[in-house]
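The residues making up each chain are set out below.
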Amino acid sequence: MSQPASPTQLWVDADACPRVVRDIIVRAAERTATPTWFVANHNIPLPPSKWVKSLSVASGFDAADNEIVERLRPGDLLITSDLPLALEALGRGAKVMTTRGESLNEDNIRTRVQMRDFMETLRASGEHTGGPKGYSDADRREFANALDRWLARKGA
């Protein structure tokens with residue numbers, strides 16, 4: 001499956017993307033005619049669409065991440081909560097947003113990766129650090145609003 005020709009595309013790290021976020025992305029892609037790719041190592045159920053496609057990759061460590069990085073172009077938007085993937089995407093000139101609508105950029109990504117690594121070290125030493133907070137209606141609204149703002153800038 002080849003990529004559609006477009007100045008900007010939306011890429012979704014779909015392996016851990018909440019369904020509510022996926023639904024928001026699909027509606028926004030259709031509304032704005034934005035080529036959108038959901039990349040995962042398993043089949044992602046999506047409605048038939050001219051603008052929204054699923055790209056299934058072989059299973060394996062970081063297979064979906066590697067495929068996304070290879071296909072990203074400057075100006076594309078990646079939606080992910082995977083900080084190492086976000087760091088690579090930023091290095092390729094892409095924009096990055098988390099599934100909670102937070103913008104990741106050169107100013108905040110390194111601090112977040114360092115905090116993630118620190119928390120991982122704590123967990124490996126047996127410390128109970130808890131997990132991420134649940135996905136709330138406020139998170140959903142913030143994501144939808146942030147995505148709309150990016151799509152409006154893309155179309156301008």
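None of these values were measured; they are calculated from a predicted model.

The rules behind each value
Residues numbered from 1 in each chain as written. Predicted model: local features only at pLDDT ≥ 70, side-chain atom pairs only at ≥ 80, totals over all residues. Heavy atoms only, no water. Helix = DSSP H or I, 4+ residues; strand = E, 2+ residues; numbered from the N terminus. Buried < 20%, exposed > 50% of the residue type's maximum accessible area, 1.4 Å probe, protein only. Contact = heavy atoms within 4.5 Å. Areas by Shrake-Rupley, 256 points an atom, 1.4 Å probe, with all protein chains shown as cover. Expected span 1.5 Å × (residues − 1). Lys, Arg positive; Asp, Glu negative; His and termini not counted. Salt bridge = Lys/Arg side-chain N within 4 Å of Asp/Glu carboxyl O. Phe/Tyr/Trp six-rings, centres within 6.5 Å; stacked < 30°, edge-to-face > 60°. Polar contact = N/O pair within 3.5 Å; in protein donor to acceptor, adjacent residues only side chain to side chain. Pairing = 2+ DSSP bridges. Axes fitted to C-alpha atoms, helices over the stretch in contact; angles between N-to-C directions.

Okay, the overall build of the protein chain next. Helix and strand content of the protein chain: 5 helices and 6 strands. Counting over 156 residues, the protein chain shows a buried share of 40%. Considering only intrachain contacts with a sequence separation of at least 6, the fraction spanning at least 24 residues in the protein chain is 51%. Summed over its atoms, the accessible surface of the protein chain is roughly 8600 Å², and 52% of this surface lies on carbon and sulfur atoms.

We now examine helix H1 (residues 19-32). Relative to the 20 Å expected for 14 residues at 1.5 Å per residue, H1 spans 20 Å between its end C-alpha atoms, a close match to the ideal helical length. Those residues of H1 that sit buried are Val21, Arg22, Ile24, Ile25, Val26, Ala28 and Ala29. Trailing H1 by a residue or two, Ala33 shows a phi angle of about 55°, which is positive.

Okay, the side chain of Asp76 next. Tracing the backbone through its elements, the reader meets Asp76 in the loop between helix H2 (63-71) and strand S4 (77-79). Although Asp76 is buried, it forms no salt bridge, and the closest oppositely charged side chain is Arg73 at an N-O distance of 4.3 Å.

Under the criterion given, the structure shown has 1 aromatic pair. Relative to Trp37, the ring of Trp11 has its centre 5.7 Å away and its plane inclined at 15°; by these criteria the two rings are stacked. Taken together, the residues span a long stretch of sequence, with Trp11 in strand S1 (residues 10-13) and Trp37 in strand S2 (residues 36-40) at a distance of 26 residues. Residue class for Trp11 comes out buried when judged on its relative accessible area of 0%.

A few words on H2. Buried residues of H2: Ala64, Asp65, Glu67, Ile68, Val69 and Arg71, and no others. Buried residues along H2 sit against S1, S2, strand S3 (52-56), S4 and helix H3 (83-91).

Assignment of secondary structure puts Asn108 in the loop between strand S6 (103-104) and helix H4 (109-124). A distance of 3.0 Å separates the side chain of Asn108 from the backbone oxygen of Ser103, its partner in a polar contact. At a separation of 2.9 Å, a polar atom in the side chain of Asn108 contacts the main-chain amide nitrogen of Asn105.

All right, on to the sheet that holds S2 then. Strand order in the open sheet made by the 6 strands is S3-S2-S1-S4-S5-S6, with mixed pairing throughout. Looking at the sheet topology across the chains shown, the edges are occupied by S3 and S6. Inspection of the sheet shows strand S5 (residues 95-97) paired to S6 by 2 bridges, in the antiparallel sense. Bridging across to S6, Met97 finds its partner in Ser103. Each of S1, S2, S3 and S4 is contacted by H2, which is oriented at about 165° to S1, the strand it contacts most.

One pass over the full model with this rule turns up 5 salt bridges. Glu142 is the partner of Arg149 in a salt bridge, and the nearest nitrogen-oxygen pair spans 3.5 Å. On the accessibility criterion, Arg149 (43% relative accessible area) is partly exposed.

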